[in-house]
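# Inside the fold
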Amino acid sequence: MHSLLNVFLVILVLILPLNFHSSAIQDHPQGNVQDTTVAQPLIPASARMEYAWDLPRNPLTDSLPSDSYLADQIRLGFRIFTNTPLEAPRFARNKMTCNDCHLNAGQREKSLPLVGIFGAFPEYNKRAGRLFSLEDRIVECFRRSMDAAGVQGVESNQTSNQDEIGPTTQSREVLAISSYISWLSIGYPVAKKVPWRGQNVIPPDKLIPINQLDPKRGEAIYMDKCITCHGEDGQGVQIGDKKAGPLWGPDSWNDAAGAARVYTLAGIIKYPMPYLDPGSLSDEEAQQIAAFIDSKPRPRYPFKERDYLTEKIPPDAVYYKR
Ligand code: HEC
Ligand code: HEC
């Protein structure tokens, strides 16, 4: 009964139409390239779930580069990003969507925003021990967060090279998403960090050693604050046109994803969740819940032994054998 009432409240809130930041959506000058940045480039971290579809830049309505092929790719990338299982079925082995973790289509403060990140690549990647292009980084989220490693992609049919199994930097889905993210970066500097990058972290002095976290305590907080939208079974509850992705089990991220690291997941949870009261969790609560979620079974990434060959396995990568 209690949870029914909660669902009702959630729906009530969602049908109250408000568009508080529409002033932030500014018309882009017509022409080849937008030469300005948006006044308010990100949806604020405090915005609640009723703003889940608000976007400072929307490729379906804003002006796009005049090259119509590229414009189509930007729109396709956006559609894949916001509905991955439907738009990229061959690579979406689980039921996750990019938007589940990168909220507001990658345009929300403290939800792993992707606005302006084009200029940060190429960049050294610790897990792989090599330089990453933006496309390499997108492939990684496909292989791990969407569990697409081991999927026989079209590109891989002809090859026995295991590195080419599943999505590659040449896959059309990856290039379309890259077009969308590059478009989100128009107007931002190259090789200069945007201030909102890397903010989804628990402050180092607030980190609790992994062996002192208690999944039972995390489970109790989860049952109290999260099940209205995520369900007791963690598989997500349909609310209006939104349904969160599965938090564990065969349809969730795999055990080598960033979200399979307890501190990384705590950083994902801490700022936007619970979605009707973002920012209300303490650093400790976020870590306890993350320890609970990452104590659950999830798909196995088949190539874990190739990770962290040059760097040490981090303490919060709890699904790795050490
Ligand atoms: C389960 C959660 C999750 C899902 C789903 C997910 N990602 Fe990510 N993504 C992450 C995490 C965690 C990071 C690492 C952030 C960090 O290093 O600070 C990340 C990083 C990225 C980055 C690099 C950002 C940067 O600033 O360096 C890109 C690009 C990216 N993801 C794209 C995607 C795309 C495209 C999809 C869908 C195909 C996707 N992600 C799905 C969790 C997710
Ligand atoms: C009012 C509904 C609501 C509540 C309450 C809520 N969430 Fe969410 N959560 C969502 C929605 C919706 C998404 C997907 C966001 C999107 O697609 O725009 C999400 C996404 C997530 C994600 C990203 C990965 C995934 O599988 O979608 C995590 C992790 C998460 N929530 C954890 C939590 C935790 C932990 C709590 C409790 C502290 C919580 N949420 C409470 C609605 C909610």
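Note that the coordinates shown come from a computational prediction; the quantities given were computed from them, not determined experimentally.

On to unusual backbone geometry, then. Put simply, Phe-121 and Pro-122 share a cis peptide bond, and its omega is 0°. When you line up the elements, Pro-122 lands in the loop between helix H5 (103-106) and strand S1 (123-125). Following Met-273, the chain continues into Pro-274 via a peptide bond in cis, with omega recorded as -10°. One can find Pro-274 in the loop between helix H10 (262-270) and helix H11 (283-293). Positive phi is not limited to glycine here, since Asn-104 has a value of about 50°. Locating Asn-104 in the fold gives a position in helix H5. By the C-beta count within 10 Å, which is 22 here, Asn-104 ends up buried. Of note in the backbone geometry, Lys-110 takes a positive phi value of approximately 60° without being a glycine. Positionally, Lys-110 belongs in the loop between H5 and S1.

The local shell around ligand 1 holds 26 residues, among which Cys-98, Cys-101, Cys-141, Ser-145 and Gly-258 are the closest. Elements that contribute at least two residues to the shell around ligand 1 include exactly helix H4 (98-101), helix H6 (134-145) and helix H7 (172-184). Considering every element that reaches the shell around ligand 1, the biggest residue donor is H6, with five residues.

A separate point is the site of ligand 2. Around ligand 2, the structure places 26 residues, and the nearest of them are Asp-100, Cys-226, Cys-229, Ala-244 and Gly-245. At the level of secondary structure, the elements contributing two or more residues to the shell around ligand 2 comprise H4, helix H8 (215-225), helix H9 (227-230) and H10.

This part takes up H10. Since the α-helix turns once every 3.6 residues, residues separated by three or four places project in the same direction. Burial within H10 is extensive, with nine of its nine residues counted as buried. Turning to H10, its buried residues number three or more, namely Val-262, Tyr-263, Thr-264, Leu-265, Ala-266, Gly-267, Ile-268, Ile-269 and Lys-270. Structurally, H10 contributes buried residues whose contacts are with H4 and H11.

Counting 71 residues, the largest nonpolar core has Phe-142, Ile-177, Tyr-180, Leu-265, Ala-266, Ile-269 and Ala-290 as the members making the most contacts within it. Counting only elements with at least two residues in this core, the list comes to helix H2 (68-82), H4, H6, H7, H10 and H11. For this core, the element with the highest residue contribution is H7, accounting for seven residues.

Next up on the list: the environment of Ser-179. Along the chain, the position of Ser-179 falls in helix H7. Filtering out sequence-adjacent residues up to four positions away, Ser-179 remains in contact with Leu-70, Gln-73, Ile-74 and Gly-77.

Here we come to the packing of H6 against H7. At a minimum axis distance of 10 Å, the contact between H6 and H7 shows a crossing angle of 120°. Judged by the angle between their axes, H6 and H7 are oblique. Considering the relative orientation of H6 and H7, their crossing is right-handed. On H7, the residues that touch Leu-134, Glu-135, Ile-138, Val-139 and Phe-142 of H6 are Val-174, Leu-175, Ile-177, Ser-178 and Ile-181. Looking at the contact of H6 with H7 residue by residue, the class counts come to eight nonpolar, one polar and one charged.

Our focus in this paragraph is the confidence of the model for the chain. Caution applies to low-pLDDT regions: their predicted coordinates should not be interpreted in detail. Taken over all residues, the pLDDT of the chain has a mean of 87, while the share at 70 or more is 84%. Predicted confidence is poor over residues 1-5, with pLDDT under 50, and the contacts of this stretch with residues over four places away or in other chains come to two contacts. When the criterion is pLDDT under 50, residues 11-35 qualifies, and its contacts beyond four places in sequence or with other chains add up to 34 contacts.

A few words now on the packing of H10 against H11. Interhelical geometry of H10 versus H11 gives an angle of 125° and a closest axis separation of 8 Å. Of the possible angle classes, the one that applies to H10 and H11 is oblique. Taken as a pair, H10 and H11 cross one another with a handedness that is right-handed. Listed contacts from H11 to Val-262, Leu-265, Ala-266, Ile-269 and Lys-270 of H10 are Asp-283, Ala-286, Gln-287, Ile-289, Ala-290, Ala-291 and Ile-293. Among the residues forming the contact of H10 with H11, the class breakdown is nine nonpolar, one polar and two charged.

Within the secondary structure, Arg-322 sits in the segment after H11. The class of Arg-322 is exposed, set by 8 C-beta atoms lying within 10 Å. With ten residues separating them along the chain, Arg-322 and Lys-312 place their C-alpha atoms 9.7 Å apart.

Rules behind the numbers
Residues numbered from 1 in each chain as written. Chains lettered and ligands numbered in written order. Predicted model: local features only at pLDDT ≥ 70, side-chain atom pairs only at ≥ 80, totals over all residues. Helix = DSSP H or I, 4+ residues; strand = E, 2+ residues; numbered from the N terminus. Buried ≥ 20, exposed ≤ 12 C-beta atoms within 10 Å, placed from the backbone. Near = placed C-beta within 6 Å. Contact = placed C-beta atoms within 7 Å. Core = buried A, V, L, I, M, F, W, Y, C linked by C-beta atoms within 7 Å. Axes fitted to C-alpha atoms, helices over the stretch in contact; angles between N-to-C directions. Parallel < 35°, antiparallel > 145°, perpendicular 65-115°, else oblique. Left-handed = near helix turned anticlockwise from the far one by under 90°. Nonpolar A, V, L, I, M, F, W, Y, C, P; charged D, E, K, R; others polar. pLDDT = per-residue confidence, 0-100.

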